[in-house]
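Breakdown of the fold
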Amino acid sequence: MNFDKKSLRQCIYCHNFCKFSCVPYLATKNQKIIQTQKNYLVYLVNENKVKPNAELGEAVYLCNDCRRCETYCIFEGKNVLPNNRYAKNLIFKNMLAPKKVYDIYNNLLNSGNFLGRETGQNEIRNFDKNKKYDFFIYPGDYVNMLAPGITKSFIEILGKLNKSFVLCDDDEVSDGVLALDLGMEELAGELMEKNFKKITQYKFDTLVVLNPHSYYCFINDYEKYGFKFNFEIIHYIDFLKRYIDNLKIKKTDDYVKYFDPCILSRGLKMNESPRNILGTLCNNQNFDLVKNRDESECCGGNLSLIFPDISRTISEGFLNELKSYDDKTEILITVCPLCLSNLSKAQNSDRFKIYDLIEYVSNNIV
Ligand code: SF4
Ligand code: SF4
């Protein structure tokens, strides 16, 4: 795993311009999370000036790759992900990551999913390898483990459209994105290989990915690790863009706001399509929260798997702030199973109903 030296230098000599965009820093006041400090420590370790240590390990893993710092960075086109992954890999190899990270590693290694859940109840082999299907549905680890309602809703929509599909869910192997994001590079490569072999056994036109983190990994990482797919790969947002006009919509008067997930807004730059889809469902058309698109808030992301209390503080902070200035919004929509899970867990009242967009579409078609 290589780091980007130029980007590292920019951060080391920077005056913390992104500091107050870093949600885990705001929640913990741990200065070491922010890019300047973290990259300086990585530099010192690489120069053999200090040894990697558990304190750096904690700081590195408190960064959840939300990429808010990129929005406020003074350098154009900043991508902090490669160096974040590099820093985590450095700490992981030295056995200095928080214990939960090694638990996740063992679960991914032994069961193919981060919870270590027994799989194989609804075997993918029930689908016919000789038949050609319209779609291969890939829910992704976070959907399978945290928000299976997303898959159910998507299948309902496919049924309305009379489309055939292969579903990779219960014995699905993690796509590798969590392993990559947590610095487990070797394991990520192994998971990608298993996944690649599993998916390419089937004949279909298009792979539809339900978890945007998995989608990011399929289109940005697989080829770098030697796995090139020769079929179309889309996220379900692109699927809805194509087919929403073929669905019979019940228009709603709900007051809805859209919570831009970090991976969609800053990672994939998919900002307008979810709003356009909501626009076809809702009579009230203002979906923007105060902080939206590339300035959007973070739900805590994958911190919920390692530091659940901190993740909860972040999600609660967002929900409390929203309640304090907005007495109209009834429904929060997101397009990420992690956001859905983290925000739902942080709700301490029924003030908002929180859905993934695919669930909301499925609830509003006849
Ligand atoms: S990400 Fe940009 S603003 Fe933040 S420390 Fe690095 S160079 Fe500075
Ligand atoms: S990616 Fe997010 S959590 Fe990590 S340093 Fe940047 S703002 Fe902080």
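All values derive from a computational prediction rather than experimental measurement.

Looking at the site of ligand 2
Inspection of the region around ligand 2 gives 15 residues, with Cys22, Cys63, Cys66, Arg68 and Cys69 positioned closest. Looking at the shell around ligand 2, the elements with two or more residues in it are helix H2 (23-28) and helix H5 (68-71). Residue composition of the shell around ligand 2, by class: 9 nonpolar, 3 polar and 3 charged.

Quick look at the pairing of strand E1 (residues 132-138)
The pairing of E1 with strand E3 (residues 203-209) spans 6 bridges and is classified as parallel. Bridge pairing in E3 places Phe136 opposite Leu207. Two strands pair when backbone bridges link them, and E1 and strand E2 (residues 165-167) are joined in this way by 3 bridges, in the parallel orientation. Bridging from a neighbouring strand, Phe136 pairs with Val166 of E2.

A few points about the domain arrangement of the protein chain
What the domain assignment reports for the protein chain is domain 1 (5-97), domain 2 (124-242) and domain 3 (249-363). Its C-alpha centre places domain 2 at a distance of 23 Å from the equivalent point of domain 3. With 20 residues of domain 2 at the interface, the matching set in domain 3 holds 21 residues. Of all the secondary structure elements, the ones that give two or more residues to the side of domain 2 that touches domain 3 are helix H8 (141-146), helix H9 (149-160), helix H10 (177-181), helix H12 (212-220) and helix H13 (236-243). With 6 residues, H9 is the single largest residue contributor to the side of domain 2 that touches domain 3.

Comments concerning the sheet that holds strand E7 (residues 353-356)
Spatial strand order, E5-E6-E7: 3 strands in an open sheet with parallel pairing. Looking at strand neighbours, the two that pair on one side only are strand E5 (256-258) and E7, the edges of this open sheet. The mean inter-strand angle of the sheet, taken between neighbouring strand axes irrespective of direction, is 25°.

Things to note about helix H11 (residues 185-199)
When the terminal C-alpha atoms of H11 are compared, their 21 Å separation across 15 residues agrees well with the 21 Å that a helix rising 1.5 Å per residue should span. Listed in full, the buried residues belonging to H11 are Leu187, Ala188, Leu191, Met192, Asn195 and Ile199. Angularly, the buried residues of H11 cover 140° about the axis, an arc narrow enough to put them on a single face. Facing away from the buried side of H11 by more than 90 degrees, the exposed set consists of Glu186 and Lys197. Buried residues along H11 sit against helix H7 (99-111), E1, H10 and E3.

Some remarks on the site of ligand 1
Lining the immediate environment of ligand 1, one finds 13 residues, of which Cys11, Cys14, Cys18, Gln35 and Cys73 sit closest. Going through the elements one at a time, helix H1 (5-12) and helix H3 (35-46) are the ones with two or more residues in the shell around ligand 1. By residue class, the composition of the shell around ligand 1 is 9 nonpolar, 3 polar and 1 charged.

Topic: the packing of H1 against H3
Relative to each other, H1 and H3 sit at 120°, their axes nearing to 8 Å. Judged by the inter-axis angle, H1 sits oblique to H3. H3 is crossed by H1, and the crossing has left-handed handedness. Contacts between H1 and H3 involve Leu8, Cys11 and Ile12 from the first element and Gln35, Thr36, Asn39, Tyr40, Val42 and Tyr43 from the second.

What about the packing of helix H17 (residues 308-325) against helix H18 (residues 337-346)?
Taken N-terminus to C-terminus, the directions of H17 and H18 make an angle of 75°; their axes are 8 Å apart at the nearest point. If you check the angle between H17 and H18, you find them roughly perpendicular. Contacts between H17 and H18 involve Ser311, Arg312, Ser315, Glu316 and Leu319 from the first element and Asn342, Leu343, Lys345 and Ala346 from the second.

Scoring rules and cut-offs
- Residues numbered from 1 in each chain as written.
- Chains lettered and ligands numbered in written order.
- Predicted model: local features only at pLDDT ≥ 70, side-chain atom pairs only at ≥ 80, totals over all residues.
- Near = placed C-beta within 6 Å.
- Helix = DSSP H or I, 4+ residues; strand = E, 2+ residues; numbered from the N terminus.
- Nonpolar A, V, L, I, M, F, W, Y, C, P; charged D, E, K, R; others polar.
- Pairing = 2+ DSSP bridges.
- Domains from an automatic or database assignment.
- Contact = placed C-beta atoms within 7 Å.
- Axes fitted to C-alpha atoms, helices over the stretch in contact; angles between N-to-C directions.
- Expected span 1.5 Å × (residues − 1).
- Buried ≥ 20, exposed ≤ 12 C-beta atoms within 10 Å, placed from the backbone.
- Arc of directions from axis to C-beta.
- Parallel < 35°, antiparallel > 145°, perpendicular 65-115°, else oblique.
- Left-handed = near helix turned anticlockwise from the far one by under 90°.

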